[in-house]
Amino acid sequence: MAERILMKGNEAIAEAAIRAGCRHYFGYPITPQTEIAAYMAKKMPKIGGVFLQAESEIASINMVYGASAAGMRVMTSSSSPGISLKTEGLSYIAGSDIPALVVNVQRGGPGLGGIQPSQSDYFQATKGGGHGDYRMIVLAPASVQEMASLTIKGFDLADKYRMTSMILADGTIGQMMEPISFEDVEINSYEKPWALTGTECKRKHNVVNSLYLKPEELEKKNFERFEKYAEIEKNEAMWEEYMMDDAEICVVAFGIASRVAKNAVVAARNEGIKVGLIRPITLWPFPTAAFEAAAEKVNSFISVELSMGQMIDDVKLATKCKKPVSLCNRAGGMIPSPDEILESIRNAKKGVL
Amino acid sequence: MEHKRLTLFAGHYGSGKTNIAVNYALLLAKEGNKVCIADLDIVNPYFRTKDSEKELLSAGIRLVSPQYANSNVDLPALPAESYSLVQDKSTLGIMDIGGDDRGAYALGRYAEAIKAENDYRMAFVVNCYRPLTSTVDDAVEVMKEIEAACGLKFNCIVNNSNLGKETTPATVLDSLDFVERLSERTGLEIFMHTAEESVAKELTGLRVMPMVLQKKIFDLPDDIS
């Protein structure tokens, strides 16, 4: 076993990014993700990397845009209100087809909201946020170990598909400490012939841009981009199934909610209720195949969320509304207890939805 | 253990300062002392002394924490009462200093008075399993940054090396080499080792403070994999 270290979720993201070859971090502090910036500030100067605290979130995402255009592995991180500020840049990065890793350690909203954990940026992450037709790969870690492994995965997917990968975490996983190890993972490197690295007068210059004045060209770009998205939907969906073999009720939860939900599933099993859990690890692409299969065998679904119910829409779409889907939720920084989820499972068993 | 009038716990964020401060306060209270604990952490709004308010109050310990602690209004302001800890010499005072150098600036406010009284122990809390203090060089760097920020020098080390729920007696024993080297390098004595109660029981022959009160992480239930 590799050496164990005790890390905060936020630190695990930062260390994993460095191990994935990221040497450029641009950010602006906000609770509850500040440890990412603090870690980078400490480490980057020691390894020849760049840590830069920009004057704003908008500046930092545009620094990401610039460094990525120059072919660098680059990232930024923030929390909910800060991500809202970055969305203009996210749209430009999507329109320019360049890779980036963006971390959102969510807190309660809307507006300035609070500093406690939340999952209410699900829509923003999976349905756009910024303007125009675009997608981001959205990865939802449920442990400190996954904060590390999905960060490495996120960089890989971003480079592979030339688009943004977002780590959609929450204040709990960002702040909590767990022992983890960094296994020797192979870091893929990708040729970037499109990058702005200087022509040395030996080749035609590259252009990174999201402006297309001819509608025919812009349409073509959009169609091409969506062919790529279809490929990702086919190949990159990730999920975990827990006690689903004989399940009659399916609990759906991601991130920190899934850990609480697992306890409720075990408690319900002890009462003889056949219940299982599907945990989407990629929120986009949504693991539709898992839900298509589950919809054939379970009687109902329960979406457990730290929001007013956002992922529930995707559960309904993925199951084509074949079975009823109920919501078990807390919002504004609150987390449901295992007992609250257990009560929802008991109700589902009774057919009360 | 010989107690000083004031005990200050400082260290890198996530080193376990708050947890140690509340457990040390309980230990002193159990020995019949009049104890007051102050939360001077203006950096981390999540893990606070106030999380253990109930246990501390029932042990007769006075708690001074920022007015808005554990609310969404987390102003980086110190309560006016904190100064009473420095002034009221009839009480054993414990100060939980904020994470790394930025958190330690707040202590500077009281440094002159603490030095004048000259009856204090300032402990560097360290966990060698934490990423930014896993080498002696890194730990010394953090130590110097804190000293520069608060204007007080450390005079002992608290070894809180642990791996959370995975901590075994071997985890602590394996850290001894690190903490002894740190002690040798800095010339600071090892004040004590700390470990969760059940682990501490098995560590005979070491001066270990058992951690009776354990920080709950958002009351997350036991994990199931």
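Because the structure is predicted, anything quoted here is derived from the model rather than measured. Along each chain, residues carry numbers from 1 onward, in the same order as the chain's sequence is written. Written order decides the labels, with chains lettered from A and ligands numbered from 1. Totals for whole chains, interfaces and linings use all residues, but because this is a predicted model, local features are given only for residues with pLDDT of at least 70 and pairs of side-chain atoms are given and counted only at 80 or more.

Here we come to the sheet that holds strand β7 (residues 189-196) of chain B. All names here are of chain B. Pairing between two strands requires that DSSP report at least two bridges joining them. In this description a helix means any DSSP run of H or I spanning at least four residues, a strand means any run of E spanning at least two, and both kinds are numbered starting from the N terminus. One open sheet accounts for eight strands, arranged β3-β2-β4-β1-β5-β6-β7-β8; its pairing is parallel. This sheet does not close on itself; its edge strands, each paired only once, are β3 (62-64) and β8 (208-211). Averaged over neighbouring strand pairs, the angle between their axes works out to 25° when direction is ignored. Sheet topology places strand β6 (residues 156-159) next to β7; four bridges connect them, and they run parallel. Residue pairing across strands places Ile157 opposite Ile190, the latter belonging to β7. To obtain an axis, a line is fitted to C-alpha atoms, over the contacting stretch when the element is a helix, and the angle between two such axes runs from 0 to 180 degrees between their N-to-C directions.

All names here are of chain A. These domain boundaries are the output of an automatic or database domain assignment. Here the domain parsing of chain A yields domain 1 (5-185 + 210-235) and domain 2 (240-350). Placing a centre on the C-alpha atoms of domain 1 and another on those of domain 2 gives a separation of 26 Å. Considering every element that reaches the side of domain 1 that touches domain 2, the biggest residue donor is helix α5 (residues 122-126), with four residues. Under this grouping Gly is polar, as are all residues other than the nonpolar Ala, Val, Leu, Ile, Met, Phe, Trp, Tyr, Cys and Pro and the charged Asp, Glu, Lys and Arg. By residue class, the composition of the side of domain 1 that touches domain 2 is 15 nonpolar, eight polar and four charged.

Take the nonpolar core next. What we call a nonpolar core is a set of buried Ala, Val, Leu, Ile, Met, Phe, Trp, Tyr and Cys residues whose membership is set by joining through C-beta atoms within 7 Å. Here a residue counts as buried when 20 or more other C-beta atoms sit within 10 Å of its C-beta, as exposed when there are 12 or fewer, and as partly exposed otherwise, the C-beta atoms being derived from the backbone. Among the nonpolar cores identified, the biggest contains 164 residues, and Val251(A) and Ala25(B) are the most heavily contacted of them. In terms of residue count, helix α6 (residues 144-161) of chain A provides more of this core than any other element does, nine residues in total. A domain split of this core shows at least three residues from each of domain 1 (5-185 + 210-235) and domain 2 (240-350) of chain A. Beyond its immediate stretch of four places on either side in the chain, Ala25(B) contacts Val35(B), Ile37(B), Leu56(B), Ile61(B) and Ile94(B). Remark: residues whose backbone-derived C-beta atoms lie within 7 Å of one another are considered to be in contact.

On to the sheet that holds strand β13 (residues 300-305) of chain A, then. Strand pairing in a sheet relies on backbone hydrogen bonds, with the paired strands running either antiparallel or parallel. All names here are of chain A. Reading across the sheet, the five strands line up as β9-β11-β10-β13-β14 and stay open at both edges, with mixed pairing between neighbours. The strands lining the two open edges of the sheet, one partner per strand, are β9 (239-242) and β14 (325-329). Averaged over all adjacent pairs, the angle separating strand axes in this sheet is 20°, with direction ignored. Looking at chain direction, strand β10 (residues 249-252) and β13 are connected through four bridges and run parallel. Note on β13: the bridge partner recorded for Val252 is Ser303.

For the rest of this paragraph, the subject is the pairing of strand β1 (residues 5-8) of chain A. Both faces of the sheet carry side chains from a regular strand, because those side chains alternate between them. Residue and element names in this part refer to chain A. Residues Ile5 and Met7 line one face of β1 and the alternating positions Leu6 and Lys8 line the opposite face, and both faces are buried. Pairing of β1 with strand β8 (residues 177-180), which is carried by four bridges, proceeds in the antiparallel orientation. Bridging from a neighbouring strand, Ile5 pairs with Ile180 of β8.

A word on the environment of Leu283(A). All names here are of chain A. Mapping Leu283 onto the fold places it in strand β12 (residues 282-284). On the basis of neighbour counts, which here come to 25 C-beta atoms within 10 Å, the residue Leu283 falls in the buried class. When the C-alpha positions of Leu283 and Ala20 are compared, they lie 22 Å apart, and in sequence the two are 263 residues distant. In this structure, Leu283 is in contact with Tyr122, Ala125, Thr126, Val138, Ala140, Leu168 and Phe254, ignoring residues within four places of it in sequence.

Residues and elements named next belong to chain A. Taking 1.5 Å of rise per residue, the 13 residues of helix α12 (residues 338-350) would be expected to cover 18 Å, and the 18 Å separating its terminal C-alpha atoms lies within 8% of that figure. Turning to α12, its buried residues number three or more, namely Pro338, Ile341, Leu342, Ser344, Ile345 and Ala348. Angularly, the buried residues of α12 cover 160° about the axis, an arc narrow enough to put them on a single face. Remark: Gly351 follows α12 within two positions and exhibits a positive phi of approximately 85°. Any helix carries an expected span of 1.5 Å times its number of residues minus one. The arc in question is traced by the directions running from the helix axis to the C-beta atoms.

Here we take up the environment of Ala261(A). All names here are of chain A. Inspection of the secondary structure puts Ala261 in helix α9 (residues 255-270). Judged by local crowding, Ala261 falls into the buried class, with 27 C-beta atoms found within 10 Å. Between the C-alpha atom of Ala261 and that of Phe26, which follows or precedes it by 235 residues, the distance is 35 Å. Setting aside residues up to four positions removed in sequence, Ala261 forms contacts with Val251, Ala253, Leu277, Val304 and Ile341.

Residue and element names in this part refer to chain A. Within the secondary structure, Ser79 is located in the loop between β4 (74-78) and α4 (80-95). Taking C-alpha positions, Ser79 is 9.6 Å from Gly108, a pair spaced 29 residues apart along the chain. Dropping the residues within four chain positions of it, Ser79 is found in contact with Ile30, Thr31, Pro32, Gln33, Asn104, Val105, Gln106 and Arg107.

As a further point, take the packing of helix α1 (residues 9-19) of chain A against α6(A). Residues and elements named next belong to chain A. In the contact formed by α1 and α6, the axes pass within 8 Å of each other and the chain directions differ by 30°. The orientation of α1 with respect to α6, classified from their angle, is roughly parallel. Pair α1 / α6 crosses with right-handed handedness. Here Gly9, Ala12, Ile13, Glu15, Ala16, Ala17 and Arg19 of α1 come into contact with α6, specifically with Val144, Met147, Ala148, Thr151 and Ile152. Class assignment for the residues of the contact of α1 with α6 results in eight nonpolar, two polar and two charged. Note on angle classes: values under 35 degrees are labelled roughly parallel, values over 145 roughly antiparallel, values of 65 to 115 roughly perpendicular, and the remainder oblique. We call a crossing left-handed when the near helix sits turned anticlockwise from the far one by less than a right angle, and right-handed when that turn is clockwise.

Turning our eyes to something else, we now look at the pairing of strand β2 (residues 35-40) of chain B. Residue and element names in this part refer to chain B. Of all six residues that make up β2, six are buried, and the element is covered over most of its length. Here β2 pairs with strand β4 (residues 92-97) via six bridges, running parallel. Residue pairing across strands places Cys36 opposite Gly93, the latter belonging to β4. Here three bridges tie β2 to β3, and the two strands are oriented parallel to one another. Along β3, the bridge assignment pairs Cys36 with Arg62.

Residues and elements named next belong to chain A. Burial within helix α2 (residues 34-43) is extensive, with seven of its 10 residues counted as buried. Among the residues of α2, Thr34, Glu35, Ile36, Ala37, Ala38, Tyr39 and Met40 are the ones counted as buried. Buried-residue contacts for α2 involve β1, α1, β2 (24-27), β3 (50-53), β4 and β5 (100-106).

Residue Pro110(A) is reached from Gly109(A) by a cis peptide bond, and omega for that bond is 0°. Here Pro110(A) lies in the loop between β5 and α5. Here Arg162(A), not a glycine, exhibits a phi torsion of approximately 55°, which is positive. For Arg162(A), the location among the structural elements is in the loop between α6 and β7 (164-170). A positive phi angle, close to 55°, is found at Asn118(B), a residue other than glycine. Within the secondary structure layout, Asn118(B) lies in the loop between α5 (108-117) and β5 (120-126).

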